[in-house]
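Coordinate analysis (summary)
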Amino acid sequence: MNLTNNTGIEKLHMYIEASGEIVDHIPPDPANIAVVILAAGKGTRMRSKLPKVLHPLLGEPMIYHLLRAVRHTGIPPERTAIVVGYSGEEVANVVKKQGNYLIVYQDEQLGTGHAVKCAENELTKLENADTTHVLVLLGDGPLVKAHTLNRLIQSHLTSNPLVTLVTTEAENPYGYGRIIRDGKERFCQIIEEAELLPQQRNLKEINPSLYLFQGKWLWENLRRLEKHPAKGEYYLTDLPAMALKTIAADELHPVQTMKTDFEEVLGINDRVQLAEAEIIMRHRVLRQHMLNGVTIVDTASTYISATARIEADTILEPNTHIRGKCIIKKGCVIGPNTILVEATIGENCVINASMVENSTLKNNVSIGPFSHVRPGCMLEEGVYMGNFAEVSRAHIGADSKQSHFSFIGDATLGKKVNVGAGTITANYDGKNKNKTIIGDNVFIGSDSILRAPLTLGDDATTGAGSIVTKNVEPGVTVVGMPARPIRRKSVSENTENKEE
Ligand code: UD1
Ligand code: CA
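Quantities reported herein were computed from a predicted structural model and do not represent experimental measurements. (Residues numbered from 1 in each chain as written. Chains lettered and ligands numbered in written order. Predicted model: local features only at pLDDT ≥ 70, side-chain atom pairs only at ≥ 80, totals over all residues. Heavy atoms only, no water.)

Some words on the pattern of salt bridges
What the rule picks out here adds up to 12 salt bridges. Two residues, Asp410 and Arg393, come together in a salt bridge whose shortest N-O distance is 2.7 Å. Taken as a pair, Asp410 in strand β35 (residues 406-413) and Arg393 in strand β33 (residues 389-396) lie far apart in primary sequence, 17 residues in all. Asp410 sits in the buried class, given a relative accessible area of 10%. (Salt bridge = Lys/Arg side-chain N within 4 Å of Asp/Glu carboxyl O. Helix = DSSP H or I, 4+ residues; strand = E, 2+ residues; numbered from the N terminus. Buried < 20%, exposed > 50% of the residue type's maximum accessible area, 1.4 Å probe, protein only.)

This is how it looks when you write it as structure tokens:
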């Protein structure tokens, strides 16, 4: 990468990360970078069967946030090795859903140094392996931003030390490895919490475990690590101090450090830290949506996944939950008390105290309060759904109304259908789900039961309380139980009747 030629304003990339971050810098060329993510540990302090990196953060496995930040630097999954061990298959299956990652098994958890070494075979097979720099990240550090990774890569490639490591100041450094510096503030070594001298305990500069190594040097020197007897582990944290000894003192400083905010490098070891990370991540996402033009009335009770997209001039009322890959177009009012899951919402929709799951709403749809759009629905433009309406696997045509308590399942409704209060599509016969097809302008009277499979032609009507078991021809009105067409008497019939 040639930094000097890249600084033109026209090369300045600006994009928004899903995690709610604006990245306004020149992404470095990722062709010479490979990544190792350590995720083999059980996470004992989580006290859980679920491997630590799969614990949900903002509704998705915490490692997904880290993988996303890495992808946003431009480094592809094919150059990213994930070291798994405890429940390795389970972790591998989950991360593979995000891309073609290199999965490396660490059979015995012999420490962070040993874990990185497990990736050697895979990463030295890559193109440009000899000139590759290796970024090491922790699977339990999901808050790091692509911006910081890019800064680390740029800084490292510019001054080309053996290792660049990120450091930060922690209010409460307990549990982290500490950075030890000499009288001239130069880096000396990292010491783990358990091995600190009493006078070193107050040192606030910590090692968040974000490193970028010259690959060749890394692979040559990992095998020189020695086991720490106390834990019986090989510590990756010993490598920077080894780098200092590798190069004669008069040469360029072989270890470079780069500061970042503590908030970005919080390590998650227990569920208290998981909750702290949740708050940080949640507010980061909310903030970005607000800066993009979304009104969030109450940030304390609004929950938005990192993968949701929301257009400007939409208002989110209190206690609104937006989960998964939702898309919400402009001008909507969502909430209060609304849950959207993997939903696509058109422009100017109103969804009040309701739930919409895995469904699509076109423009100007109004729902609620207290309605439920279950998975597999498509509500066309202008659909109105009032109280206690439930729809499931249904296509509702434009301007149709379902104002009061009712259930429509496995159904296709045409345009301008009126669904009366208490209407039920009896779609399940105990074995199969059967379809109901309702034409345009159909008027369904209150308390109708539509026994599927069933077709109601355009302009058909059902009387209040009818139980409809047979198809209804277009324009025909049916009433009763079971419902029968109302016969419109002809003039001659009327005359005959009079004569009787
Ligand atoms: C590590 C660092 C510490 C740093 C802290 C930052 C070491 C020795 N210590 O400590 O300096 O301040 O992270 O959060 O590196 N892992 C494996 N295989 C192993 C051991 C660990 O894959 O054999 C993985 C874990 O799954 C975890 C990560 O490495 O994702 C860190 O391990 P953890 O045991 O949490 O290290 P810390 O004690 O937090
Ligand atoms: Ca940790």
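Points about the confidence of the model for the chain
Per-chain confidence: the chain averages 92 in pLDDT, with 91% of residues scoring 70 or above. Below pLDDT 50 for its whole length, residues 1-20 participates in 48 contacts with residues either more than four positions away or in separate chains. Note on residues 493-500: pLDDT is under 50 here. Beyond four places in sequence and across chains, it has four contacts. (pLDDT = per-residue confidence, 0-100. Contact = heavy atoms within 4.5 Å.)

Some points on the site of ligand 1
Residues in contact with ligand 1 amount to 24 residues; listed here are only the nearest, Gly41, Gln106, Thr112, Glu192 and Asn207. Leu38 is positioned with one of its backbone polar atoms (N or O) 3.0 Å from an oxygen atom of ligand 1. Here an oxygen atom of ligand 1 and a side-chain polar atom of Ser209 are 3.3 Å apart. Across the complex, the protein chains shield 90% of the 760 Å² of accessible surface that ligand 1 would expose by itself. Structurally, ligand 1 is housed in the largest pocket. Among the elements of the structure, β3 (33-39) and α3 (112-117) are those that each provide at least two residues to the shell around ligand 1. (Near = heavy atom within 4 Å. Polar contact = N/O pair within 3.5 Å; in protein donor to acceptor, adjacent residues only side chain to side chain. Areas by Shrake-Rupley, 256 points an atom, 1.4 Å probe, with all protein chains shown as cover. 1 Å grid on protein atoms, 1.4 Å probe; cavity = no way out; pocket = protein on both sides within 12 Å on 5 of 7 lines; lining within 4 Å. Sits in = over half its atoms within 2 Å of the grid points.)

Description of the layout of surface pockets
Quantified by volume, the largest pocket comes out at close to 1,400 Å³. Lining the largest pocket we find 44 residues, and of these Arg45, Lys52, Asp140, Lys231 and Asn269 sit closest to its centre. Counting only elements with at least two residues in the lining of the largest pocket, the list comes to β3, α3, α8 (262-265) and α9 (271-291). Of the residues belonging to the lining of the largest pocket, the class tally is 15 nonpolar, 18 polar and 11 charged. The calculated volume of the second largest pocket comes to roughly 380 Å³. Residue contributions to the lining of the second largest pocket peak at three residues, all from strand β21 (residues 320-323). Residues that form the lining of the second largest pocket fall into these classes: six nonpolar, six polar and six charged. (Points joined across faces, edges and corners; volume = space filled by probe spheres on them. Nonpolar A, V, L, I, M, F, W, Y, C, P; charged D, E, K, R; others polar.)

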